[in-house]
Amino acid sequence: MYSVRRLVSQQKMTARLHERAVDIAGVPVIFFLLSHKGLMKKIYLIITFLMVFLLLGCPPPPKAGKKMPRIFALSYSMETRREPSFLIADDFNRNNILDLVVVNSGDSSFSFYKGNGDGTFKDQRVFRTGGDPICLVSADFNEDGYKDVGVLNYADQSIQIYLNTRLGSFQKTNQLLMPGKIPINMASGDFNGDGRMDLIVTMRFSNVVMLLGKGNGYFSEPESMAVKGQPTGIVVGDYNQDGMTDVAVALAGNGNKGVQVLWGKGDGKFESSKVFKAGKQPLSIVSLDVNNDGWMDFVTSSNSLHALTTIVNKGDKTFDSLKDFASGNFPKFVVAADFTGDGLQDIAVSNATDDRITVSLGRGDGTFTYPPIYHTVDEHPQGMAVGDFNGDGLIDIAVSCRDKNLIDILSKKDMINPKPDLPQKESKSS
């Protein structure tokens, strides 16, 4: 029994090291066999290279403020299938109670959890998907007033639509959508102004693909759109306040790195922006108003460099990039909400290799508090979703934990709301 447990532990550690190595380099790492002659010299050169990479690649720690207490407590956990990752929250049965859906990449399925309204959830209902599902969206794809689910499958390079039966279940359509090679992220929105929900997908080394919804749960053929780099994360919103849906795409890997905005024209066509600086290797992106000026901004995460970057919307279809900052190690996913009730947007970050999530409180000027507030969760946190899961009027966090096959719920019951060290305004002289 001891040897089996030890073997399982070694396998998990090997998997973690492999994921970290791949994410750091962006390509598979190749190990070279060194000859005995000159071995120490080669090792010295390798160590020197790594030290330079770490010093130049990681953001310097900002001046630390006061250490703040935890604002969430682990209140509930529930089992998933193997290797849960991307997670969303929505009200799927229209009872004003949030439910959860998570993809289980390890056994090609997604799990649906009906919320009880008290911070707990009913047992999972499992639905089969294509191979290696990695992303989810929720939207009303057939215009019946109930939210449906779209699943992006990495191994099959496909998208499947699951329509809400209104009975606490989902029914897969018979259309298998094939967006192209290596799809890695997906979002939904109305891109052509017909009131029907469409899909947009990032293809890792090439372009962005749009699929227009027909309003009955089915979609048109994919339409490809060029971008100025290798796309990763994607979000949608109205970023120039013209009433039309825009698309923001994170670009990483070789070539241009940053964020490119596709300005929606309302007819399914887009105007391409230049690439705005947004971190050295942005893999995920979230939109939020970081400075309370009414314009939506972005925060990106470059997980292999342990860095996050704020991109501030100037309101004239341009953006300014602020200095990189840290919120824990190996930031995987980022979500945004006002966690303290002070009217300022905060962020929560899943730190995949530390088994923690961090919360960085917004200062209202585009910057966030440091050090972040650490919260321990189960092994290898991945996707996150936010919402009021227990009906107390406060924002909670759900996080999927890959290596334990769990979803942890962090609530604010009996916790305090710390306030960040906000800049002091000068008093007006009389």
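Before reading on, note that the structure itself is shown above.
About the thresholds
Residues numbered from 1 in each chain as written. Predicted model: local features only at pLDDT ≥ 70, side-chain atom pairs only at ≥ 80, totals over all residues. Heavy atoms only, no water. Helix = DSSP H or I, 4+ residues; strand = E, 2+ residues; numbered from the N terminus. Buried < 20%, exposed > 50% of the residue type's maximum accessible area, 1.4 Å probe, protein only. Contact = heavy atoms within 4.5 Å. Pairing = 2+ DSSP bridges. Core = buried A, V, L, I, M, F, W, Y, C linked by side-chain atoms within 4.5 Å. Salt bridge = Lys/Arg side-chain N within 4 Å of Asp/Glu carboxyl O. Polar contact = N/O pair within 3.5 Å; in protein donor to acceptor, adjacent residues only side chain to side chain. Phe/Tyr/Trp six-rings, centres within 6.5 Å; stacked < 30°, edge-to-face > 60°. Lys NZ or Arg CZ within 6 Å of the ring centre and 35° of its normal.

**A short note on the environment of Phe219**
Logical step 1: Position of Phe219 among the secondary structure elements: in the loop between β12 (207-211) and β13 (223-226).
Logical step 2: Overall, Phe219 belongs to the buried group, its relative accessible area being 2%.
Logical step 3: Sequence separation between Phe219 and Ile161 is 58 residues; the distance between their C-alpha atoms is 9.6 Å.
Logical step 4: Leave out the neighbours within four places in its chain, and Phe219 touches Phe141, Ile161, Gln175, Leu177, Met197, Asp198, Leu199, Leu211, Leu212, Gly213 and Lys214.

**Thoughts on the pairing of strand β7 (residues 148-153)**
Logical step 1: Within β7, 6 of the 6 residues are buried, leaving the element largely enclosed by the surrounding structure.
Logical step 2: Neither face of β7 is left uncovered, since the one carrying Asp148, Gly150 and Leu152 and the one carrying Val149, Val151 and Asn153 both have all their residues buried.
Logical step 3: With 6 bridges connecting them, strand β6 (residues 133-139) and β7 associate as antiparallel partners. Bridge assignment links Val137 to a residue of β7, and that residue is Gly150.
Logical step 4: Across 5 bridges, the pairing between β7 and strand β8 (residues 158-164) is antiparallel. Opposite Leu152, over in β8, you have Ile159 as the bridge partner.
Logical step 5: The antiparallel pairing of β7 with β8 creates a hairpin that spans 4 residues between the two strands, and Gln157 there sits at a positive phi of about 55°.

**Some thoughts on the environment of Val101**
Logical step 1: Structurally, Val101 is set in strand β3 (residues 99-104).
Logical step 2: As for Val101 and Phe86, which are separated by 15 residues in sequence, their C-alpha atoms are 8.5 Å apart.

**Overview of the nonpolar core**
Logical step 1: Of all hydrophobic cores here, the largest spans 29 residues; its most connected members are Ile159 and Leu199.
Logical step 2: Among the secondary structure elements, those contributing two or more residues to this core are β2 (84-90), β3, β4 (109-113), β6, β7, β8, β11 (198-203) and β12.
Logical step 3: Setting aside anything within four residues of it in sequence, one finds Ile159 in contact with Val151, Leu152, Gln175, Leu176, Leu177, Pro179, Met186, Leu199, Val201 and Leu211.
Logical step 4: Among the nonpolar cores identified, the runner-up in size contains 17 residues, and Phe339, Ile357, Val359 and Ile373 belong to it.

**A short note on the pattern of salt bridges**
Logical step 1: Following the criterion strictly, the structure yields 8 salt bridges and no others.
Logical step 2: Linking Arg81 and Asp107 is a salt bridge whose minimum nitrogen-to-oxygen distance equals 3.1 Å. Taken together, the residues Arg81 in the loop between β1 (73-79) and β2 and Asp107 in the loop between β3 and β4 connect sequence positions 26 residues apart.
Logical step 3: For the salt bridge of Glu143 with Arg196, the shortest nitrogen-to-oxygen distance reads 3.8 Å. Of the two residues, Glu143 sits in the loop between β6 and β7 while Arg196 sits in the loop between β10 (183-189) and β11, which places them 53 residues apart along the sequence.
Logical step 4: In this structure Glu143 comes out as partly exposed when scored by relative accessible area, which is 47%.

**Describing the side chain of Ser411**
Logical step 1: Along the chain, Ser411 turns up in strand β28 (residues 406-411).
Logical step 2: A polar contact of 3.3 Å, which involves the side chain of Ser411, links it to the side chain of Ser75.
Logical step 3: Leave out the neighbours within four places in its chain, and Ser411 touches Ile71, Phe72, Ala73, Ser75, Asn390 and Asp396.

**Quick word on the packing of aromatic side chains**
Logical step 1: If you walk through the whole model with that rule in mind, you get 17 aromatic pairs.
Logical step 2: When the centroid spacing of 5.5 Å and the interplanar angle of 85° are considered together, the rings of Phe72 and Phe339 count as edge-to-face. With Phe72 in the loop between α2 (39-57) and β1 and Phe339 in the loop between β22 (331-337) and β23 (346-351), this residue pair connects regions lying 267 residues apart in the sequence. The pair formed by Phe72 and Phe339 is uniform in burial state, with each residue classed as buried.
Logical step 3: Three or more aromatic residues joined by ring pairs form one cluster here, namely Phe92, Phe110, Phe112, Phe127, Tyr162 and Phe170.
Logical step 4: One cation-aromatic arrangement involves Arg94 over Tyr146; the distance from NZ or CZ to the ring centre is 5.0 Å.
Logical step 5: A cation over an aromatic ring shows up here: Lys412 above the ring of Phe72, its NZ or CZ 5.9 Å from the ring centre.

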